[in-house]
Amino acid sequence: MTSGGLRNSALVGLVSILLFLPSALFAVALQPAPGALILVGCALALGLILRGLRGADFLDASLDGRALALCVALACALLVLGGALHFFYAPLDWRIRDAVLADLARDGLRVVYRDKGLDYVLRAPLAMYVLPSLVGRLAGLLAAHVALLAQNAVFLGALFYVLLKLGRGWLQLAIVIFYGGLSLIGFLIIQALSGAARTEFVLKYGLDAWSPYFQFTGSASQFIWAPNHALPGWWLACLVILRLRRQVDSAMVAATIGGAIFWSPLVVIPVACWLVYLAARDWRGHFLNVRVWLAVASGLCFTPLALFLVAGFGSIAQGVTAEKPLFALVYCLFMAVQMGPMAYVLANRAHLDKAEWQLFGLSAAALFALPMIHFGPSNDLVMRGSIAPLTIAAFLFGGMVARLAPTRSGVFALGCVLAALSSASAWFDLSRAFRQPRYDISDCTLFEANDALGGRGAPTNYVVTIEQMPAWLMQTSDATPVSRRARRCWSDIDDRSE
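Everything numeric in this text was worked out from a predicted model, so none of it was measured.

Concerning the state of the cysteines
Working definition of a disulfide: a covalent bond connecting the sulfur atoms of two cysteines.
Then, in step 1: Tallied over the full model, the rule gives 1 disulfide.
Then, in step 2: The partner cysteine of Cys444 in its disulfide is Cys489, sulfur to sulfur 2.1 Å. Linking Cys444 and Cys489, the disulfide has an S-S dihedral of approximately -105 degrees and is accordingly described as left-handed. Of this pair, Cys444 sits in the loop between helix H24 (424-435) and helix H25 (446-452) while Cys489 sits in strand S9 (residues 488-490), placing them 45 residues apart in sequence.
Then, in step 3: Its relative accessible area of 2% is what places Cys444 among the buried residues.

This is how it looks when you write it as structure tokens:
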């Protein structure tokens, strides 16, 4: 069933608008000059993207309305089971994210907190919350959560649709959605080696958290725990696949990076490196391409947003992971476990075409390199930076299994076993919806939620002191600071701010 003459290019355009709209809306919260520069960047990037949506097989194909509706329904079900609207249990990370959404819906896009005599400003990748918070400002906090679910379901459903149409049908898409490396095996190994302490941590945060130094989060778990990072990462992965299949150009991918930064700056790092590599291989074609230079110009217009996100950068934990004890042993074990499905793809590389082989090389290189650096309180660089490479890895693995399905051979059977093992982390996280009781939506502030979870200092990955935010970028002196209150945030945690 087609959708009234619409083509796939219309869906790509819609996702691009959803990606850039938060940056454009947030620009009004900044000072006039940097805000205007961001608006120019959004307009230039969207102009480049929308003008490039023609002349390719995938883009010109008719939109399959039935498949898209199924994909959006599947996305909505996954998000609801993951805790959206709190019909089911929401993982721990959502207690902080709910607080951010509540603060933005109550106080607008410039939020200032007062805690222990200091004033802090909310500084984080806020893109996922911007549009829902505006809805919440007009219609209340529940409306904000409904808008958040609607936004994410449309975005994720579009991603599922694109991967479905680029791949080999529903079997490949199912493998992609439930892909998670071999975290179950990693968990069993670490349980045998470290005993109860690490096991308790893994059972709390998921099978993907089995390694003490780094984490590659499985596909479904990404959307259960962190859709704000997963949505732009998956979209960039889709565009890289389209780029290597010559369905879009490098300029479109490069222009998209600017909009993705406000969603999750760490997810863009591998994609930016891939673009540099592709440009180096065809430097003349890229150097003489006007669209590429316009994409670069649009990216530079997002410099104010980048500076907003790196304000107080030094207060975030960072370093070289190789300096940690037993790094080499942990690294080798981690990669051997997590790259099992990719080893299957490599073993059957005779079935890969040129574009797929390039995708394999780019994603493998990124996944092997990312664990070398530590950044963020939970090594967020590895968790977020790996999203696009893992999406491509899942796509290649699922494609290989689907390609071998008609043979019903032993190689295909091995692929099915790996796919089943790979899905363990997804099923573990989804099972929380039925294993743990739900809790109500909370309107606690960020600092109140942080205190209730046991934090006793400022959450430095979300806030900086007001002095660390440049006045030329964002004026905060006229904002009314939000103070902590002694209150209970959730029915299942009896802790109160002091």
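Quick word on the side chain of Ser425
Then, in step 1: The topology assignment puts Ser425 in helix H24.
Then, in step 2: For Ser425, the side chain forms a polar contact with the side chain of Asp208, separated by 3.4 Å.

Here we look at the nonpolar core
Then, in step 1: Core analysis: the biggest nonpolar cluster contains 174 residues, and Phe26 and Trp235 have the highest contact counts within it.
Then, in step 2: Considering each element in turn, this core owes the most residues, 14 residues, to helix H7 (residues 141-166).
Then, in step 3: Those residues in contact with Phe26 that lie beyond four places of it in its chain are Leu109, Leu126, Phe262, Leu305, Phe308 and Met474.

Section: the pairing of strand S4 (residues 118-122)
Then, in step 1: Of all 5 residues in S4, 4 are buried, a share of seventy percent or more.
Then, in step 2: With antiparallel pairing between neighbouring strands as the criterion, strand S3 (residues 112-115) and S4 make up a hairpin whose turn holds 2 residues, including Lys116 at a positive phi of roughly 55 degrees.

Some details on the packing of aromatic side chains
Then, in step 1: Taken as a whole, this structure holds 25 aromatic pairs when the rule is applied.
Then, in step 2: Here Phe214 and Phe334 contribute two aromatic rings whose centre-to-centre distance is 4.9 Å and whose plane-to-plane angle is 55 degrees, an arrangement assigned as tilted. Of the two residues, Phe214 is situated in the loop between helix H10 (196-205) and helix H11 (219-225) and Phe334 in helix H18 (residues 327-338); the sequence distance between them amounts to 120 residues. For the residue pair Phe214 and Phe334, the accessibility class agrees, reading buried in each case.
Then, in step 3: With centroids separated by 4.8 Å and ring planes inclined at 65 degrees, the aromatic side chains of Phe216 and Phe334 adopt a geometry described as edge-to-face.

A look at the packing of helix H8 (residues 170-177) against helix H22 (residues 387-404)
Then, in step 1: The contact between H8 and H22 brings their axes to 8 Å, and the two run at 140 degrees. One finds that H8 runs oblique with respect to H22. Like other packed secondary-structure pairs, H8 and H22 cross with a definite hand, here right-handed. Packed against H8, whose contacting residues are Leu171, Gln172, Ile175 and Val176, the element H22 presents Ala394, Phe395, Phe397, Gly398, Gly399, Val401 and Ala402 at the interface.

Quick look at H7
Then, in step 1: Compared with an ideal rise of 1.5 Å per residue, which puts 26 residues at 38 Å, H7 spans 38 Å between its outermost C-alpha atoms and is within 8% of the ideal.
Then, in step 2: With 20 of 26 residues buried, H7 is to be regarded as a mostly interior element.

Section: a nonpolar patch on the surface
Then, in step 1: On the surface, Trp283, Phe287, Leu288, Trp293, Val296 and Leu300 cluster together into a nonpolar patch covering about 710 Å² of accessible area.
Then, in step 2: For the nonpolar patch, the secondary structure elements donating two or more residues are helix H15 (283-287) and helix H16 (290-300).
Then, in step 3: Broken down by element, the nonpolar patch gets its largest block of residues, 3 residues, from H16.
Then, in step 4: Its place among the elements puts Leu300 in helix H16.

Thresholds, definitions, all that
Numbering of residues starts from 1 in every chain and runs along the sequence as written. Selection of residues for local features in this predicted model requires a pLDDT of at least 70, selection of side-chain atom pairs for listing and counting requires 80 or more, and totals for whole chains, interfaces and linings are taken over all residues. As a convention, hydrogens and water are excluded, and side-chain values are obtained from all of the structure's heavy atoms. Disulfide: a pair of cysteine sulfur atoms within 2.5 Å of each other. The secondary structure listing takes helices from DSSP runs of H or I that are at least 4 residues long and strands from runs of E that are at least 2 residues long, numbered from the N terminus. Relative accessibility thresholds used throughout: buried, under 20% of the residue-type maximum; exposed, over 50%; partly exposed, between the two (1.4 Å probe, protein chains only). Under the rule applied, a polar contact is a pair of N or O atoms within 3.5 Å (in protein, one hydrogen donor and one hydrogen acceptor; residues adjacent in sequence only if both atoms are side-chain atoms). To define a nonpolar core, start from buried Ala, Val, Leu, Ile, Met, Phe, Trp, Tyr and Cys residues and group those joined through side-chain atoms within 4.5 Å. Residues are treated as being in contact if the distance between any of their heavy atoms lies within 4.5 Å. At least two DSSP bridges between two strands are required for those strands to pair. In this scheme Phe, Tyr and Trp rings, the latter by its six-membered ring, pair at centre separations within 6.5 Å, and the angle between planes marks the pair as stacked below 30 degrees, edge-to-face above 60, and tilted otherwise. Note on geometry: axes are lines fitted to C-alpha atoms, helical ones only across the stretch in contact, with angles between N-to-C directions running from 0 to 180 degrees. These descriptions rest on fixed angle ranges, namely under 35 degrees for roughly parallel, over 145 for roughly antiparallel, 65 to 115 for roughly perpendicular, and the rest for oblique. Take the far helix as your reference; a near helix turned counterclockwise from it by less than a right angle gives a left-handed crossing, and one turned clockwise gives a right-handed crossing. Take the residue count of a helix, subtract one, and multiply by 1.5 Å to get its expected span. Patch membership requires over 30% relative accessible area and the absence of a salt bridge. Like charges are linked within 9 Å, and nonpolar side chains (Val, Leu, Ile, Met, Phe, Trp, Tyr) within 5 Å. Computed with the Shrake-Rupley method and a 1.4 Å probe, the accessible areas treat only the protein chains shown as cover for residues. Salt bridges are defined as contacts in which a side-chain nitrogen from Lys or Arg sits within 4 Å of a carboxyl oxygen from Asp or Glu.

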